[in-house]
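Survey of secondary and tertiary structure
In case you want the letters, here they are:
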Amino acid sequence: MAGSINRIEQDIATLEEAIAKLAEEFHQGYEVYLMALGQGVRQQLILASYYLCTQTYPEAFLKLSVSERQKLQQGLRNLAKQMQKALCQSLQMPVPVEVPGLELEELEELEAEEAEEAEEAEEAEEGEGKLELETDFEISPIRKPLTPERLSAWQERIETGIIQLLKLLSKDANLLLQRSGLLPQKLPEAVLEVASKAEASSEGIAGPPNLLQIMIETEDDDDSQTSMVTKLTTIHLRLGEIEFADANVMTRRHQLRHLSGQLSGIRREYHKKLRERAIVQAESAWRASWYED
């Protein structure tokens, strides 16, 4: 019996080492993926904006002076740069394994210092189109034992953060276009926010990538009692379309999926061993407490 429980404990320890190694591979994989994604987002934001300005609202774009066009273009580039920085900063965290000698309070102080430095850098940056983002996805260090569930939760927080950043970038890009006169000035900001948060049901709509066509009801300028239905095209960055358009980003995503497949396999084996250990321990506990009347 002792040999059986020792063997199971060794198997569990081996699996935990494999999970820790996989966590490091995940961290490295996301590091290169987020760098590639930042480049892809920049390119797709500019392409979507180009289409919107030249194909959807060419008359409004032509009304802008040369300096106004340059200001708009610079603002879009600034947004893209802010997005790239935010994506990279979202991974500035300890590798999800226990760091010897580094207490939780020290980690919190380190995160606070990084947040303060990022805020100061953002305030110092000039130009229109600053991306008003919060990059704190509440990603905390993971303590031992590093279970498959904790690693999956860590990964899920990163993926959720990416989607949040794309929605915020879409919203800020639309606000910039509105301030520049491309989108209707009377359009409520809430409408732009809804457009940036459109659900996956809009993914299948035919049209240029990373743009969303919506119908909105507005009041007639000449008659406040009369409403008009207006067709509006806005920026709506979609992760799937960005990955599809960029081979490098897609390659990095495939690598992450491969790691996720490994994690699924380790999770099954890990829980199998935990179950085996529980059974052996329960059998031992039964015998230890059993006595004949």
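Residues numbered from 1 in each chain as written. Predicted model: local features only at pLDDT ≥ 70, side-chain atom pairs only at ≥ 80, totals over all residues. Heavy atoms only, no water.

Observations concerning the overall build of the chain
From N to C terminus, the chain includes 8 helices and 2 strands. Start at the N end of the chain and walk to the C end: the helices and strands fall as α-α-α-α-α-α-β-β-α-α. Put simply, the chain has 293 residues, and 37% of those count as buried. Counting contacts in the chain only where the partners sit at least 6 residues apart, residues at least 24 apart contribute 78% of the total. As displayed, the chain has an accessible area near 17,200 Å², and 51% of this comes from carbon and sulfur atoms. (Helix = DSSP H or I, 4+ residues; strand = E, 2+ residues; numbered from the N terminus. Buried < 20%, exposed > 50% of the residue type's maximum accessible area, 1.4 Å probe, protein only. Contact = heavy atoms within 4.5 Å. Areas by Shrake-Rupley, 256 points an atom, 1.4 Å probe, with all protein chains shown as cover.)

Comments concerning the nonpolar core
Ranked by size, the top nonpolar core spans 59 residues in total, and within it Phe-26, Tyr-33, Leu-37, Leu-72, Ile-162 and Ile-235 carry the most contacts. Within the residue set of this core, elements represented by two or more residues are helix H1 (2-56), helix H3 (66-89), helix H5 (148-179), strand S1 (211-219), strand S2 (227-235), helix H7 (239-245) and helix H8 (247-289). Per element, the largest residue contribution to this core is 18 residues, and it comes from H1. Among residues more than four places away in sequence, those in contact with Tyr-33 are Ile-162, Leu-239, Glu-243, Val-249, Arg-252, Arg-253 and Leu-256. (Core = buried A, V, L, I, M, F, W, Y, C linked by side-chain atoms within 4.5 Å.)

Regarding the packing of H3 against H5
Taken N-terminus to C-terminus, the directions of H3 and H5 make an angle of 165°; their axes are 11 Å apart at the nearest point. Here H3 is positioned roughly antiparallel relative to H5, judged by the angle of their axes. Crossing of H3 against H5: the hand is right-handed. Listed contacts from H5 to Leu-72, Gly-75, Leu-76, Leu-79, Met-83, Ala-86 and Leu-87 of H3 are Ile-162, Leu-165, Leu-166, Leu-169, Asp-172, Ala-173, Leu-176 and Leu-177. Among the residues forming the contact of H3 with H5, the class breakdown is 13 nonpolar, 1 polar and 1 charged. (Axes fitted to C-alpha atoms, helices over the stretch in contact; angles between N-to-C directions. Parallel < 35°, antiparallel > 145°, perpendicular 65-115°, else oblique. Left-handed = near helix turned anticlockwise from the far one by under 90°. Nonpolar A, V, L, I, M, F, W, Y, C, P; charged D, E, K, R; others polar.)

A closer look at the pattern of salt bridges
If you walk through the whole model with that rule in mind, you get 8 salt bridges. The salt bridge involving Glu-9 is made with Arg-277; its shortest N-O contact spans 3.2 Å. In this pair, Glu-9 sits in helix H1 while Arg-277 sits in helix H8, placing the two residues 268 residues apart along the sequence. Since its relative accessible area comes to 23%, Arg-277 is described here as partly exposed. Overlapping salt bridges bring together Arg-7, Asp-11, Lys-273 and Glu-276 as one network. (Salt bridge = Lys/Arg side-chain N within 4 Å of Asp/Glu carboxyl O.)

Quick notes on the environment of Ser-67
By the element assignment, Ser-67 lies in helix H3. For Ser-67, the side chain forms a polar contact with the side chain of Ser-65, separated by 3.1 Å. (Polar contact = N/O pair within 3.5 Å; in protein donor to acceptor, adjacent residues only side chain to side chain.)

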